[in-house]
Amino acid sequence: MKRALGPALKILALRMPALAIPALAIPVLLFGSTMRAADAPVVVTSIKPIHSLVSAIMQGVGEPKLIVDGAASPHTYNLKPSNARALQDAKVIFWVGPGLEAFLEKPLQALGRDASIAELDNAPGLVKLPFREGGAFEPHDDAPEHESASGQHDSASDAPEHEHDHAEADHDHDAFDTHLWLDPMNAKAMAAMITTTLVAADPANALTYQGNAKALNDRLDALDAEIKGIVAPVKGKPFIVFHDAYQYFEHRYGIRVAGSITVSPETIPGAERVSEIRHKVGELGATCVFAEPQFEPRLVNVVIEGTRAKSGVLDPEAATLKAGPDLYFTLMRGIADSMKDCLSST
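Small disclaimer: the values here were computed from a predicted structure and weren't measured. (Residues numbered from 1 in each chain as written. Predicted model: local features only at pLDDT ≥ 70, side-chain atom pairs only at ≥ 80, totals over all residues. Heavy atoms only, no water.)

### Side note on the overall build of the protein
Working step 1: From N to C terminus, the protein includes 11 helices and 10 strands.
Working step 2: Counting over 346 residues, the protein shows a buried share of 49%.
Working step 3: Here the contacts in the protein between residues at least 6 apart in sequence split such that 66% fall between residues at least 24 apart.
Working step 4: Total accessible area computed for the protein in this model is approximately 16,800 Å², and 55% of it derives from carbon and sulfur atoms. (Helix = DSSP H or I, 4+ residues; strand = E, 2+ residues; numbered from the N terminus. Buried < 20%, exposed > 50% of the residue type's maximum accessible area, 1.4 Å probe, protein only. Contact = heavy atoms within 4.5 Å. Areas by Shrake-Rupley, 256 points an atom, 1.4 Å probe, with all protein chains shown as cover.)

As structure tokens, this is what we get:
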């Protein structure tokens, strides 16, 4: 069939006007483009921040699929049939790990058998911080150094030992905080593991992955310097967050999170916890209490009622952002800008 088509196309091209020849070439070019897209490996990612890093490294090769899309949260997500199909078709799967996306643990065992599964909380070079029990934290000023779960030393405070709701006390004491991406240096460590995994699964596109990874690292270094400048004027002002998701951001940039309304975002805090946080707002003179778009903002209004604190919104899991290679940068700048805007206005 291909031999018959060749002469026919040549004769047709000779008989057509010169201006019509580019039009004839268009389907051929489109066909070639389709073939390149079809050659890309099927890659699946769990959450938006990870999808963004993988997208940046895969640019020019293909686009990864995303499981937790829209305003959904990995803390409360239920797998959809379309997600199950994506996992079954995947050649490579990226997730943070069972500490964050617990809903994926069993499906990966059942559906991801034929895929290379990269658990990014195992990426070499990550700084891991111990999980903090309780909703109220001590100030970070002059805090002693402690060893992080990765073996590195960081200046930080340990959460005070105190009683709290049993519903929120189900974390392993040896667990680490899984919001690893909120430090751009951790994002670089994860990007390195992503690149290595993609190169091993798709060596034909190794040079593209490696070139994109280098460009991504340069952007992450620039982002880190930019955020340091944004939050510098408000570093000393304490504030309260909805749940304890920002430990990596605060350690990287020296900001002062005084406590969280809840430890586990999937669990509604009791009256005792809310009362404790209200007391903390008054005691520390916390200037802002930050809600999150996926969770009930009414609790924040209850906490700040009768105080001089203002409310703001932080979006650590990018619930309100459109997925893509630039999302990570928009996410991190958004957190820094929200902190600066609320804290500098008090």
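There is more to say after this.
### Concerning the packing of aromatic side chains
Working step 1: Summed over the entire model, instances satisfying the criterion amount to 4 aromatic pairs.
Working step 2: Positioned above the aromatic ring of Phe 176, the side-chain terminus of Lys 128 is 4.5 Å from the ring centre.
Working step 3: Across the ring face of Phe 329, the terminal group of Arg 219 is positioned such that the distance to the ring centre comes to 3.8 Å. (Phe/Tyr/Trp six-rings, centres within 6.5 Å; stacked < 30°, edge-to-face > 60°. Lys NZ or Arg CZ within 6 Å of the ring centre and 35° of its normal.)

### Remarks on the state of the cysteines
Working step 1: For the coordinates displayed, the defined rule picks out 1 disulfide.
Working step 2: Note that Cys 288 is cross-linked by a disulfide to Cys 342, the S-S spacing being 2.0 Å. Taking the sign of the torsion about the S-S bond as the criterion, the disulfide between Cys 288 and Cys 342, at about -110°, is left-handed. Linking Cys 288 in strand 9 (residues 288-291) with Cys 342 in helix 11 (residues 327-344), this pair joins segments that are 54 residues apart in sequence. (Disulfide = S-S within 2.5 Å.)

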